[in-house]
Each structure stands twice: as C-alpha cells, then as structure tokens.
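Summary of the model geometry
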Amino acid sequence: MDWNAYRTHLGANTKVFAQLSPNTMKGLQTLETVPAEHKHLDAKTRELIALAVAVTTRCDGCISVHTVAAKKAGATKEEIAEALGVAVALNAGASVVYSSRVLDAFENQPA
C-alpha cells in the first residue's frame, strides 16, 4: 500500500465529510485535543498507544496518520513493535473473553 497516497486521499475525503457534517468533525477535533491538555504522557507514548489502538480497531487511516506522528515523536521501530505486541496480546485475550460469552450464550439458549 502507498501510505503517503492513502493519507493524501484520506485527507481530501475528510475535508468533504467535514463540509457535509461539520459538527461531527468539530467533536472529533475536540476529542483529539484532550490528550494534549494532559502532561502525564509524552507525545511518543500517546502515539504508541494510538498505534496499538489502531491495530485493535483495524483502522488504516489511524495507522497511516499515527505512524507518521510516532516517527516524528521519536518512536523507534522496536518501540512500535513492542506496542503492537501489546495490541496482539490484548486481541488474543479479548478473543478468550468473548469465547466465554459465546459459551454463556449457548448455555442460555432454549434446546
């Protein structure tokens, strides 16, 4: 995938969406500024978290944007890999939890 072209395309489509639904975009912009107000996590840590979340939510746009931001914030490939390892572990753990829910649902269905 050409991530730079994708990011450009995504930016153009986001502008169209912002014209169609300006309040939605204002709300998103408000949410995106919240982490910057807090000083407990540095930019690199926030971007590593964002990448892990992007993987768990399967968001190519987030991956594209936050990979650039993580690199600019000084994240190394090794640090990104470690954060992604957390995402993989969390997804695997979530699969076990939701497997338990399936078993519960099965047990609670009429015969």
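Up top is the structure.
Right, let's walk through the structure included here. Remember, predicted model here, so these are calculated numbers, not experimental data.

Procedures and definitions
- Residues numbered from 1 in each chain as written.
- Predicted model: local features only at pLDDT ≥ 70, side-chain atom pairs only at ≥ 80, totals over all residues.
- Heavy atoms only, no water.
- Helix = DSSP H or I, 4+ residues; strand = E, 2+ residues; numbered from the N terminus.
- Rg over C-alpha atoms; globule rule 2.2 N^0.38 Å.
- Buried < 20%, exposed > 50% of the residue type's maximum accessible area, 1.4 Å probe, protein only.
- Salt bridge = Lys/Arg side-chain N within 4 Å of Asp/Glu carboxyl O.
- Expected span 1.5 Å × (residues − 1).
- Contact = heavy atoms within 4.5 Å.
- Axes fitted to C-alpha atoms, helices over the stretch in contact; angles between N-to-C directions.
- Parallel < 35°, antiparallel > 145°, perpendicular 65-115°, else oblique.
- Left-handed = near helix turned anticlockwise from the far one by under 90°.
- Phe/Tyr/Trp six-rings, centres within 6.5 Å; stacked < 30°, edge-to-face > 60°.
- Lys, Arg positive; Asp, Glu negative; His and termini not counted.
- Polar contact = N/O pair within 3.5 Å; in protein donor to acceptor, adjacent residues only side chain to side chain.

**So, the overall build of the protein chain**
A count of helical and extended segments in the protein chain gives five helices and zero strands. Listed by position from the N terminus, the elements making up the protein chain come as α-α-α-α-α. Computed over C-alpha atoms, the radius of gyration of the protein chain comes to 18 Å, more than 25% over the 13 Å expected from 2.2 N^0.38 for 111 residues, which places it beyond the range of a compact globule. Oriented by its inertia axes, the alpha-carbon framework of the protein chain measures out at about 55 × 40 × 35 Å. By the burial criterion, 14% of the 111 residues in the protein chain qualify as buried.

**Description of the pattern of salt bridges**
The full count for this structure, using the stated rule, is one salt bridge. The partner of Lys44 in a salt bridge is Glu79, with the nearest N and O atoms 2.8 Å apart. Of this pair, Lys44 sits in helix H3 (residues 43–57) while Glu79 sits in helix H5 (residues 77–107), and the two are 35 residues apart along the sequence. We classify Glu79 as partly exposed; its relative accessible area is 27%.

**Quick word on unusual backbone geometry**
The phi angle at Arg58 is positive, at roughly 55 degrees, despite the residue not being glycine. Of note, Arg58 is situated in the loop between H3 and helix H4 (60–72).

**Re H5**
Across its 31 residues, H5 extends 45 Å between first and last C-alpha, which sits within 8% of the 45 Å expected from 1.5 Å per residue. Turning to H5, its buried residues are Ile80, Ala83 and Ala87. At its buried positions, H5 is contacted by H3 and H4.

**Looking at the packing of H3 against H5**
At their nearest, the axes of H3 and H5 sit 9 Å apart, and the two run at 40 degrees to each other. With respect to H5, the axis of H3 lies oblique. When the axes of H3 and H5 are compared, the crossing they make is right-handed. For the pair formed by H3 and H5, the contact residues are Lys44, Leu48, Leu51, Ala52, Val55 and Thr56 on the first element and Glu79, Ile80, Ala83, Leu84, Ala87 and Asn91 on the second.

**Some points on the packing of aromatic side chains**
Using the criterion set out here, one finds one aromatic pair in the structure. Where Trp3 meets Tyr6, the ring centres are 6.1 Å apart and the plane angle is 90 degrees; that geometry is what we call edge-to-face. Placement of the pair is Trp3 and Tyr6 together in helix H1 (residues 3–20), with a separation of three residues, close to one helical turn. Residue class for Trp3 comes out partly exposed when judged on its relative accessible area of 33%. By relative accessible area, Tyr6 is classed as partly exposed at 24%.

**Describing the side chain of Glu47**
Following the sequence through the fold, Glu47 ends up in helix H3. For the buried Glu47, no salt bridge exists, and the shortest N-O distance to an oppositely charged side chain is 6.0 Å, to Arg46. Side-chain polar atoms of Glu47 contact the side chain of His66, separated by 2.5 Å. Discounting residues that sit within four places of it in the chain, Glu47 has contacts with His66, Ala69 and Ala70.

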